[in-house]
Amino acid sequence: MKQLSILVIPGYKLFPVDSGGAHAQLAFLAKQQEQHSIDLLVTPHNIAAEYLNDFKTKFPSLQLITVGYEKSSAVKKLKAFFKKQYRKISQRDHAYKLKKLKHFNGLVNNDASFIDTVKKIAAQKIYDVIQVEHSINMGLIEVLPVPPCKIFVH
């Protein structure tokens with residue numbers, strides 16, 4: 001079997017395991033890490049900062065891409081403010097428009113900076129498969145690169 005390069009974008013808490021869904025996700029990843037090259041995009045919503053080292057120990061073959069763990073400096077906050085104002089004025093940014101849609105009722109991730117970050121990460125490397133998990137990340141399908149196969153898991 002060909003070794004695939006896979007980007008996995010989980011939706012909810014993965015670790016520590018406290019639900020059947022997290023157990024199923026991690027059991028799948030444990031098996032797949034032996035056969036494929038897997039990059040796992042994690043945020044504080046998936047794995048709390050204090051559990052990152054434990055997770056890395058249990059899943060050494062997974063390449064973790066961490067997003068949102070760094071503390072924002074005053075300069076970053078100021079940049080984010082001006083970027084948001086620009087998005088409001090220009091109305092050209094898809095991620096900002098997605099954030100303003102109210103009818104998703106929290107089912108789709110509408111964090112514009114997260115969407116931009118995922119878009120950049122997915123474009124930096126050539127993936128064979130991009131796996132997007134849970135309904136909150138369903139909207140990411142629109143911003144991910146076209147060539148790789150995309151899989152939505154819920």
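Residues take numbers from 1 onward in each chain, read along the sequence in its written order. Predicted model: local features are reported for residues with pLDDT of at least 70 only, side-chain atom pairs are reported and counted for 80 or more only, and whole-chain, interface and lining totals are derived from all residues. Calculated side-chain values reflect all of the structure's heavy atoms, with hydrogen atoms and water omitted.

1. Digging into the overall build of the protein
And then number 1: Helix and strand labels come from DSSP, where a helix needs a run of H or I of at least four residues and a strand needs a run of E of at least two; each type is numbered from the N terminus. Each helix and strand counted, the protein has 5 helices and 5 strands in total.
And then number 2: When the helices and strands of the protein are read in sequence order from the N terminus, they spell out β-α-β-α-β-α-α-α-β-β.
And then number 3: Only protein chains enter the accessibility calculation, which uses a 1.4 Å probe; a residue whose area is less than 20% of its type maximum is buried, one above 50% is exposed, and one in between is partly exposed. Expressed as a percentage of the 154 residues in the protein, the buried residues total 39%.
And then number 4: Should any heavy atoms of two residues lie within 4.5 Å, those residues are considered in contact. In the protein, of all internal contacts separated by at least 6 residues, the share reaching a separation of at least 24 is 61%.
And then number 5: Per-residue accessibility takes into account occlusion by the displayed protein chains alone, with areas from the Shrake-Rupley method and a 1.4 Å probe. By element, 58% of the accessible surface of the protein is carried by carbon and sulfur atoms, the whole surface being about 9400 Å².

2. Some remarks on the pattern of salt bridges
And then number 1: What counts as a salt bridge is simple: a side-chain nitrogen of Lys or Arg found within 4 Å of a carboxyl oxygen of Asp or Glu. Across all of its chains, the model carries 1 salt bridge by this definition.
And then number 2: The shortest N-O distance in the salt bridge between Asp39 and Lys125 comes to 3.1 Å. A residue pair is termed long-range when its members are at least 10 positions apart, and Asp39 in strand S2 (residues 37-42) and Lys125 in the loop between helix H5 (112-124) and strand S4 (129-133) qualify at 86 residues.
And then number 3: Looking at Asp39, the relative accessible area reads 6%, which means it is buried.

3. Re the sheet that holds S4
And then number 1: In this analysis, strands are considered paired if DSSP registers two or more bridges between them. Taken in spatial order, the 5 strands line up as S3-S2-S1-S4-S5 in an open sheet, and their pairing is parallel. The two strands at the open ends of the sheet, each matched to only one other strand, are strand S3 (63-66) and strand S5 (149-153). Strand-to-strand twist across the sheet, computed as the mean angle between neighbouring axes with direction ignored, equals 20 degrees.
And then number 2: Where H5 meets the sheet, it contacts strand S1 (5-9), S2, S3 and S4, and its direction lies at approximately 165 degrees from that of S2. The convention used is that axes are lines fitted to C-alpha atoms, helices contributing only their stretch in contact, and that angles between N-to-C directions extend from 0 to 180 degrees.

4. Considering the environment of Ile121
And then number 1: Following the sequence through the fold, Ile121 ends up in helix H5.
And then number 2: According to the relative accessible area criterion, Ile121 is buried, its value standing at 10%.
And then number 3: Spatially, the C-alpha atom of Ile121 lies 9.3 Å from that of Leu7, the residues being 114 residues apart in sequence.

5. Points about H5
And then number 1: The span expected for a helix works out to 1.5 Å for each residue beyond the first. Given a rise of 1.5 Å per residue, 13 residues ought to cover 18 Å, and the 19 Å separating the end C-alpha atoms of H5 matches this to within 8%.
And then number 2: Looking at H5, one finds that the buried residues are Ala112, Phe114, Ile115, Asp116, Val118, Ile121 and Ala122.

6. A closer look at the environment of Val42
And then number 1: Inspection of the secondary structure assignment puts Val42 in strand S2.
And then number 2: For Val42, a relative accessible area of 0% corresponds to the buried category.
And then number 3: Spatially, the C-alpha atom of Val42 lies 8.5 Å from that of Gly68, the residues being 26 residues apart in sequence.
And then number 4: Setting aside anything within four residues of it in sequence, one finds Val42 in contact with Ile47, Leu52, Leu64, Ile65, Thr66, Val67 and Tyr69.

7. Re the side chain of Asn46
And then number 1: Tracing the backbone through its elements, the reader meets Asn46 in the loop between S2 and helix H2 (52-58).
And then number 2: Polar side-chain contacts of Asn46 include one of 3.5 Å to the backbone oxygen of Pro10.
And then number 3: Among the polar contacts made by the side chain of Asn46, one reaches the main-chain amide nitrogen of Thr43 at a distance of 2.9 Å.
And then number 4: In contact with Asn46, not counting residues within four places along its chain, are Pro10, Gly11, Tyr12, Lys13, Leu14, Phe15 and Leu41. Here a polar contact is recorded for every N or O atom pair within 3.5 Å, except that within protein the pair must consist of a potential hydrogen donor and a potential acceptor, and residues adjacent in sequence are included only if both atoms are side-chain atoms.

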